[in-house]
Amino acid sequence: MQPYAYQRHALQEPDWRRYPGWADVTRDQWENAQWQRAHCIKNINQLRAVLGTTVTDAFYDDLATDQTHHATMSMLIPPQMINTMVPGNPPTDDTLRNDPIRHYMLPLATDRHPQWPSHPYATRDSLHEHDMWVAEGLTHRYPTKVLAELLATCPQYCGHCTRMDLVGNNTPTVTKLKLTTKPTDRQTAILDYLRTHPGVRDIVVSGGDVANIPWHQLETFLMALLAIDTIRDIRLATKALAGLPQHWLQPTVVEGLERVARTAARRGVNLAIHTHVNHAQSLTPLVAQAAHTALQVGVRDVRNQGVLLRGVNATTTDLLDLCFALQGEAGILPYYFYMCDMIPNAEHWRVAVWQAQQLQHDIMGYLPGYATPRIVCDVPYVGKRWVHMVTEYDRERGISYWTKNYRTSIEDDATQLDRTYPYYDPIDTLPKTGADWWRKEHAE
């Protein structure tokens, strides 16, 4: 018997009518993007109205405590995403607490680590993306690649969001940064920068989420990008492909995406969609339809950039089940799994570097090579590194050291290529001697 036994599982759309609040919702309503957006869950009272009495006050009290004292993201969950929680039956306290989708979409106070909810070196902008803005919303971190944050909203807010300092509404514990210029002025500044920096060939168009940009505005921006000869790769970042596939199936969006894809193909530009699926439960026939539709109208690739999260997918079986469902059933290429970034209140999600290395080892050989994802550590000031590229590793204290081969836009010192950069494991994964060292170093 092999350590992992593959079995094909056909995708299924859970019956949303099992939830009391949606008992009378028709298929036409469910598959309508406007209905989905209008019925997003934004607060505990709305969640109660949908879930009904099978979930007790104890669960909602736990959720309320987390929102008051820990949450870095406000609540915003489309019905599509709620429906993939406890997919077979009406939820109970136990099944909902143990559900992997709930674990990162609806974090509870009792999920958080009691002693180390945050790592001592956790920061709001752990990757220093804002520090590397060369225009508002434009991060120039890698020599040939940029990230364009066109807006600060998403169709859904994930608890572990690496851009929690900018994206979404304020929470009791986090006052968000704000984009201050008009969207058209921001886009003009981004385009001007790209026109005057021909060394940039690759742009990730993100936010937030591009699904929250009115399509005509997004298409105008993308066509302007395609008119810049030096831009050769455009990646559209959207969680909505899984969380709100209805958006990507709207005729106006499909037809507009086809116009952009045809223009990209004619000009030899690689156009891809990057989405964010963390567990196989999120993959349903509607998600597969949205992905296949994008491919049919000419998008070159639909790829998944998941996040490695304890309690969600940080096991060999969960990762392989997800990758086989992505690649084999939904037409989405497993691409990356990022280690969860060192943002506040994320310690219960993060894994140690050695755990990520073991997972990379254990998933090899099952998937086709081109569909075997790389597990990467996004090291501050360094960037994405395969987890086996660590230069030094103090396992006792959970400190790994990494090198890099380029400077970011805010660095100009040659010695920055000769030094090592630290990254820190979750303290609760360390041996007792290592955890004691951290307690002593950071005693209050």
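Note that the structure is predicted; figures quoted are calculated from it, not measured.

What counts, and where the lines are drawn
- Residues numbered from 1 in each chain as written.
- Predicted model: local features only at pLDDT ≥ 70, side-chain atom pairs only at ≥ 80, totals over all residues.
- Heavy atoms only, no water.
- Helix = DSSP H or I, 4+ residues; strand = E, 2+ residues; numbered from the N terminus.
- Buried < 20%, exposed > 50% of the residue type's maximum accessible area, 1.4 Å probe, protein only.
- Areas by Shrake-Rupley, 256 points an atom, 1.4 Å probe, with all protein chains shown as cover.
- Lys, Arg positive; Asp, Glu negative; His and termini not counted.
- Charge placed at Lys NZ, Arg CZ, Asp CG, Glu CD.
- Contact = heavy atoms within 4.5 Å.
- Expected span 1.5 Å × (residues − 1).

## Remarks on the overall build of the protein chain
Okay, step 1: Within the protein chain, the secondary structure is distributed over 16 helices and 13 strands.
Okay, step 2: When its C-alpha atoms are laid out on the principal axes, the protein chain stretches across 65 × 60 × 50 Å.
Okay, step 3: Counting all 444 residues of the protein chain, 57% fall into the buried class.
Okay, step 4: Within the structure as shown, the protein chain displays about 18,500 Å² of accessible surface, and the carbon and sulfur contribution to it stands at 50%.
Okay, step 5: Separation between the mean location of the 42 positive side-chain charges and that of the 48 negative ones in the protein chain comes to 4 Å.

## Overview of the environment of Ser282
Okay, step 1: Here Ser282 is to be found in the loop between strand E6 (270-275) and helix H13 (285-296).
Okay, step 2: Note: C-alpha distance between Ser282 and Lys404 (122 residues apart in sequence) is 35 Å.
Okay, step 3: When residues no more than four places from it in sequence are discounted, the contact partners of Ser282 are Met81, Thr84, Ile101, Tyr104, Ala242, Val277 and Val287.

## Regarding H13
The periodicity of an α-helix, 3.6 residues per turn, causes residues three or four places apart in sequence to face the same way.
Okay, step 1: Spanning twelve residues, H13 covers 16 Å between terminal C-alpha atoms, matching the ideal 16 Å at 1.5 Å per step.
Okay, step 2: Those residues of H13 that fall on the buried side of the exposure criterion are Leu286, Val287, Ala288, Ala290, Ala291, Thr293 and Ala294.
Okay, step 3: Of the residues flanking the end of H13, it is Gly298, one or two places downstream, whose phi is positive at about 120°.

So yeah, pure geometry; function would need other evidence.
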